[in-house]
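Each chain, written out:
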Amino acid sequence: SVDEITQWEVVFCVPQLSESCMLPALWEIFAQYPFTIFNFHSDRGHETINYLVSDLLQRLLIKQTKSRSYHCGDNALVETKNGSVIRKNMGWEHINQKFCDDINHYYKNYFNPYLNFHRPCAFPTIITDAKGKKTKEYSLYQVPYDRLKNLPNAKRFLTKGITFEQLDKTAYSHSDNEFATIMRKEEDKLFKKIREKDREDGSDRKT
């Protein structure tokens, strides 16, 4: 899940794509955003376009929009994150669904904080030439947290009970490189546990 304004990203793991898994996933995803969510945009998959999700969003006063058919650019931001963030760090290989809780513990406590407080993102500037043609230039790089703080009247967007003073403690308790080192160590522990399970199951996957 990626916010289109700040590029704040929340990664969450589910054992399977289904309505029953999506509802608790959405609760957890929304809870990890420090600011108010106004709209939820998704693809047209049955796991997100259904009465259960619609009811949840209505109770949270969140609007829902969906991608148009044959318009892959509607989800361009999250699709690029799938490649540059998810696959680059977690790989493409199959992981036993029994590790879903372990992976989400890693995501919530290490991976997501790293993405939002320590990993810079590129933000485009739209340039319009004399003929009206629009192009994007990427000259601004910020971590999502800094982008959030620099928004006009940023405090009014924060979730009730959350302050920038609290978020600063998370953001500045470690340098970017220090937290990246901590995250990688936790990632190694996670995948070591996964590999050990593979060997117990008779998998010949390389470590």
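Residues numbered from 1 in each chain as written. Predicted model: local features only at pLDDT ≥ 70, side-chain atom pairs only at ≥ 80, totals over all residues. Heavy atoms only, no water.

S.K.: Explain the environment of Asp-168 to me, and be specific about the residues and the numbers.
M.R.: By secondary structure assignment, the location of Asp-168 is in helix H6 (residues 164-172). Of the residues examined, Asp-168 reaches a relative accessible area of 22% and is grouped as partly exposed. Along the primary structure Asp-168 and Phe-117 are separated by 51 residues, whereas in three dimensions their C-alpha atoms are 9.3 Å apart. Residues in contact with Asp-168, not counting those within four places in the same chain, are Tyr-145, Lys-149 and Ser-173. (Helix = DSSP H or I, 4+ residues; strand = E, 2+ residues; numbered from the N terminus. Buried < 20%, exposed > 50% of the residue type's maximum accessible area, 1.4 Å probe, protein only. Contact = heavy atoms within 4.5 Å.)

S.K.: Account for helix H3 (residues 76-90), with residues named and values stated.
M.R.: Taking 1.5 Å as the rise per residue, H3 with 15 residues should run 21 Å; its terminal C-alpha atoms sit 20 Å apart, in good agreement. Taking the largest bend as the criterion, H3 deviates by roughly 35°, centred on Asn-82. Of all the residues in H3, the buried ones are Lys-81, Val-85, Ile-86, Asn-89 and Met-90. Taken together, the buried residues of H3 touch helix H4 (100-117), strand S3 (121-128) and helix H7 (176-200). Downstream of H3 by one or two residues, Gly-91 has phi in the positive range, about 80°. (Expected span 1.5 Å × (residues − 1). Bend = angle between axes of the 7 residues up to and from the residue.)

S.K.: Tell me about the pattern of salt bridges, residues and numbers included.
M.R.: Close approach of charged atoms allows side chains with opposite charge to pair. Within the structure shown, the criterion is met by 7 salt bridges. As a salt-bridge pair, Lys-108 and Glu-28 come within 3.4 Å of each other at their nearest N and O atoms. Of the two residues, Lys-108 sits in helix H4 while Glu-28 sits in helix H1 (residues 19-31), which places them 80 residues apart along the sequence. The exposure class of Lys-108 is partly exposed, given its relative accessible area of 44%. Exposure remark for Glu-28: the relative accessible area of 23% places this residue in the partly exposed category. For Glu-187, the salt bridge is made with Arg-184, and the minimal N-O distance between the two is 2.8 Å. Separated by 3 residues within a single helix, Glu-187 and Arg-184 lie in helix H7, roughly one turn from each other. (Salt bridge = Lys/Arg side-chain N within 4 Å of Asp/Glu carboxyl O.)

S.K.: Let's hear about the nonpolar core: which residues, and what values?
M.R.: Ranked by size, the top nonpolar core spans 23 residues in total, and within it Trp-8, Leu-26, Phe-30, Tyr-33, Tyr-145 and Phe-164 carry the most contacts. At the level of secondary structure, the elements contributing two or more residues to this core comprise H1, helix H2 (51-59), helix H5 (144-149) and H6. If you tally residues by element for this core, the top one is H1, at 4 residues. Not counting chain neighbours up to four residues away, the residues in contact with Leu-26 comprise Phe-40, Val-53 and Leu-56. Residues Cys-13, Leu-115, Phe-179 and Met-183 belong to the second largest nonpolar core, which totals 20 residues. (Core = buried A, V, L, I, M, F, W, Y, C linked by side-chain atoms within 4.5 Å.)

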